[in-house]
Amino acid sequence: MDDVPDSPRRSREETSLFRARRYLMCPPEHFRVTYAINPWMDPAKPVDVPLAVAQWEDLRDRYRALGHTVEELAPRPGLPDMVYAANGALVVDGRVLGARFAYPERTAEAVAHLDWYREHGFRELREPEHINEGEGDFAVTATWLLAGRGFRSSPLSHGEVQEFLGRPVIGLDLVDPRFYHLDTALCVLDDAVDGEVMYYPGAFSAGSRAVLARMFPDALIAREEDAEVFGLNAVSDGHHVLLPQTAQGLFAPLRERGYEPIGMDLSELLKGGGSVKCCTAELRG
């Protein structure tokens, strides 16, 4: 029998379940930094709201140009952090676990988010008993839910989300206040393939670093200089990875793995402690 030549390596569009996504975003019309609830917020630094809106619109339009659907949540006066829509809920298989915010300044956002989900046809909703900040501290992989704890989410929320969504939860301890949410320290690159993540080890406790190394031996490991500019606060659709343009050290490693990195400028929104992922909630199912 003649030898069969090796097949050429397939692109990420062919090897992953590359599909159009549906996202929820909230315009930063009322975005201000009037209080400090994370190390990035400084009320003494003014926010250029028109620039923040323009940067946000660029991100929204980029998603749409890539073939994704973007729904918009109407901002409410007095809630400047609503632009960080990822914090408002976790949606998996059409089920919605609402948020319960750690700080009173953001408490009313939880109601605004659940109102939107009810009005848009989501029927399985849960108002949480324990503090969690949605996709800020929950990341969805093919098999697991990765769950951050240490600054904003209660460990008790992990059992609550596992019971509601029926997916195994892996708890991870965050120890560096600069990376106060899981989505500032870890990004799922392909939610159809369990090993495809990138993360910054320094954000996690020694035990959690060991867990991540065991679970994801082939993960893309980020350097501190890229993590500090929120390079891991990124959104991937399984092929395109939208991330801060200042995280230059991540671009070549992503390309080597078959992804297409797309740099975004959200410098104004970083003043509130958020970037691409913080502004983007994914509506799964």
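Everything below is about the structure shown above.
Predicted, not measured: the structure shown is a model, and the values here were computed from it.

Caption draft 1: Up close: the side chain of Arg167. Secondary-structure assignment places Arg167 in the loop between α4 (156–165) and β8 (169–173). In this structure the side chain of Arg167 is engaged in a polar contact, spanning 3.5 Å, whose partner is the side chain of Asp93.

Caption draft 2: Seen up close, the sheet that holds strand β11 (residues 220–221). The strand order across the open sheet built from three strands is β9-β10-β11, with neighbouring strands paired in mixed fashion. Taken across any chain shown, the strands that pair with only one partner, and hence form the sheet edges, are β9 (186–188) and β11. Summarising the sheet, strand β10 (residues 197–199) and β11 pair through two bridges and their orientation is parallel. Bridge pairing links Met198 to Leu220 in β11.

Caption draft 3: The arrangement of the sheet that holds strand β13 (residues 240–244) in detail. With respect to topology, three strands assemble into an open sheet ordered β12-β13-β14, the strand pairing being mixed. The sheet is open, and its two borders are formed by β12 (235–236) and β14 (260–264), each paired with just one other strand. Note: β12 against β13, two bridges, orientation antiparallel. Residue Ser236 lies in a different strand from β13, and its bridge partner there is Val241. With respect to the sheet, helix α2 (residues 49–65) is in contact with β12, β13 and β14, its orientation differing from that of β14 by roughly 155 degrees.

Caption draft 4: Examining the nonpolar core more closely. Residues Leu186, Met198, Phe204 and Leu254 are the most contacted members of the largest nonpolar core, which totals 33 residues. Secondary-structure elements contributing two or more residues to this core are β9, β10, α5 (206–215), β13 and α7 (251–256). When residues no more than four places from it in sequence are discounted, the contact partners of Phe204 are Leu172, Asp173, Leu174, Val175, Leu182, Ala185, Leu186, Tyr199, Arg209 and Leu212.

Caption draft 5: Region of the structure containing the pairing of strand β3 (residues 89–92). With burial as the criterion, each face of β3 is covered, one bearing Ala89 and Val91 and the other bearing Leu90 and Val92. Where β3 and strand β4 (residues 95–98) come together, four bridges link them in antiparallel fashion. Looking at β4, one finds that Leu90 is bridged to Leu97. Hairpin connection, β3 to β4: the antiparallel pair is bridged by two residues, and Asp93 has positive phi, about 55 degrees.

Calculation criteria
Residues numbered from 1 in each chain as written. Predicted model: local features only at pLDDT ≥ 70, side-chain atom pairs only at ≥ 80, totals over all residues. Heavy atoms only, no water. Helix = DSSP H or I, 4+ residues; strand = E, 2+ residues; numbered from the N terminus. Polar contact = N/O pair within 3.5 Å; in protein donor to acceptor, adjacent residues only side chain to side chain. Pairing = 2+ DSSP bridges. Contact = heavy atoms within 4.5 Å. Axes fitted to C-alpha atoms, helices over the stretch in contact; angles between N-to-C directions. Core = buried A, V, L, I, M, F, W, Y, C linked by side-chain atoms within 4.5 Å. Buried < 20%, exposed > 50% of the residue type's maximum accessible area, 1.4 Å probe, protein only.

Purely geometric stuff here, so don't read any function into it on its own.
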